[in-house]
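# Reading the structure
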Amino acid sequence: MGRLTQRRRVTTIRAEGTVTKVDQLAVEEPLELRLGGESFTVTMRTPGHDFELAAGFLVAEGIISTRDDLRSLRYCAGTDELGNQTYNVIDAELDTPVPLATRLQARNVLTTSACGICGTTSIDAVEKTLPARGPAQLRIEAATLLGLPELMRTEQQVFRKTGGVHAAALFDAEGTLLCLREDVGRHNAVDKVVGWALTQERLPLSGTVLQVSGRASFELVQKAALAGIEMLAAVGAPSSLAADLAERSALTLAGFSRGGSINLYTHPERVHVEQLAEQGG
């Protein structure tokens, strides 16, 4: 696995003068995903949990849905100018080959760390057929929900060092942290969480909340819905398209989760507020 951070000398300018010091940056490197030896896509990511990232991406693309769909993941040979293994190419062997039509319309272009749907030609190609959702299993206390951002922050080790990565954290209804992943790409962090769940044979993720450190975009709602997650909570704002998809997919979408308050944009019935009202007197 590659380094998560890189030391770099920086010059800081302040009103009282200039200071030169060593800072730490979050590492960003390309990762090529191949299916059966054929190139499928390239994404920019923070190295680490690469197999989870690949598996979660395939779930998000609607290519696999269970652990049995994925025969194997392996790093392909690749070295840098010093002859060191780069771990920047993964080959996935699937139980069922991906049809040619799917490969041809794949996002076989650079997917940046800022956007998980770059290269997709239309919204129709992005919005996958979502699986049927069973009866809601999640019921969470408002006080628990409000505490998730702080619980997530305490576990963001790379962010503490660099301030340059996003996080996605999966919690149960009691606020117990199940999985947390960090990455320069917010969509990658979510893919890593979903990939973890796939490898642990925990999909669909009924009864869980996905807390993310940034805003709630269409792509993150789609990834959460495809994984069977019942609530997506974001520190920032949701987009209109994200709210529309959350409404249609029976996903509770929350935004502006700042510890003291939170906005519920869709399906608020999963959040129990009575205990919070009692605490407020």
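These notes cover the structure that comes with them. (Residues numbered from 1 in each chain as written. Predicted model: local features only at pLDDT ≥ 70, side-chain atom pairs only at ≥ 80, totals over all residues. Heavy atoms only, no water.)

Further remarks concern the overall build of the protein chain. Scanning the protein chain for helices and strands turns up nine helices and 15 strands. A buried classification covers 45% of the 281 residues belonging to the protein chain. A sequence separation of at least 24 residues applies to 53% of the contacts in the protein chain between residues at least 6 apart. Accessible surface, the protein chain: about 13700 Å² in total, of which carbon and sulfur atoms supply 49%. (Helix = DSSP H or I, 4+ residues; strand = E, 2+ residues; numbered from the N terminus. Buried < 20%, exposed > 50% of the residue type's maximum accessible area, 1.4 Å probe, protein only. Contact = heavy atoms within 4.5 Å. Areas by Shrake-Rupley, 256 points an atom, 1.4 Å probe, with all protein chains shown as cover.)

Formed by 45 residues in total, the largest nonpolar core has its most connected members in Leu70, Leu210 and Leu232. If you tally residues by element for this core, the top one is helix 6 (residues 186–199), at seven residues. Not counting residues up to four positions away in its chain, the partners in contact with Leu232 are Leu210, Val212, Ala216, Leu220, Val221, Leu251, Thr252, Leu253 and Ala254. Counting residues in hydrophobic clusters, the runner-up holds 15 residues, among them Ala142, Ala169, Phe171 and Ala254. (Core = buried A, V, L, I, M, F, W, Y, C linked by side-chain atoms within 4.5 Å.)

Position of Leu180 among the secondary structure elements: in strand 10 (residues 177–183). Counting along the chain gives 28 residues from Leu180 to Met152, while the straight-line C-alpha distance between them is 7.6 Å. In this view, Leu180 contacts Met152, Glu155, Gln156, Ala168 and Ala169; residues no more than four positions away in its chain are not counted.

Turning to helix 7 (residues 218–226), a few remarks are in order. When you tally the buried positions in helix 7, you get nine out of nine residues, the bulk of the element. Positive backbone phi, approximately 80°, marks Gly228, located one or two places after helix 7.

Summed over all chains, the structure comprises eleven salt bridges. Among the ionic pairs, Glu150 bridges to Arg153, the shortest N-O distance being 3.0 Å. With a gap of three residues between them, Glu150 and Arg153 both fall in helix 4 (residues 142–154), about one helical turn apart. Glu230 is paired through a salt bridge with Arg270; the nearest N and O atoms lie 3.0 Å apart. Of the two residues, Glu230 is situated in the loop between helix 7 and strand 12 (231–234) and Arg270 in the loop between strand 14 (263–266) and strand 15 (271–272); the sequence distance between them amounts to 40 residues. Each member of the pair, Glu230 as well as Arg270, is classed as buried. What you see here is one network of salt bridges that share partners, running through Glu29, Arg45 and Asp50. (Salt bridge = Lys/Arg side-chain N within 4 Å of Asp/Glu carboxyl O.)

The largest bend along helix 4 measures about 35° and falls at Leu148, with the proline Pro149 one to four residues further on. Here helix 4 has its buried residues at Ala142, Leu145, Leu146, Leu148, Pro149 and Met152. (Bend = angle between axes of the 7 residues up to and from the residue.)

The next subject is the packing of helix 1 (residues 50–60) against helix 6. Put simply, helix 1 and helix 6 touch, their axes get as near as 6 Å, and they point 95° apart. Here helix 1 is positioned roughly perpendicular relative to helix 6, judged by the angle of their axes. Contact residues: helix 1 offers Glu52, Leu53, Ala55, Gly56, Phe57, Val59 and Ala60, while helix 6 offers Asn188, Asp191, Lys192, Val194, Gly195, Trp196 and Leu198. In terms of residue class, the contact of helix 1 with helix 6 is built from eight nonpolar, three polar and three charged. (Axes fitted to C-alpha atoms, helices over the stretch in contact; angles between N-to-C directions. Parallel < 35°, antiparallel > 145°, perpendicular 65-115°, else oblique. Nonpolar A, V, L, I, M, F, W, Y, C, P; charged D, E, K, R; others polar.)

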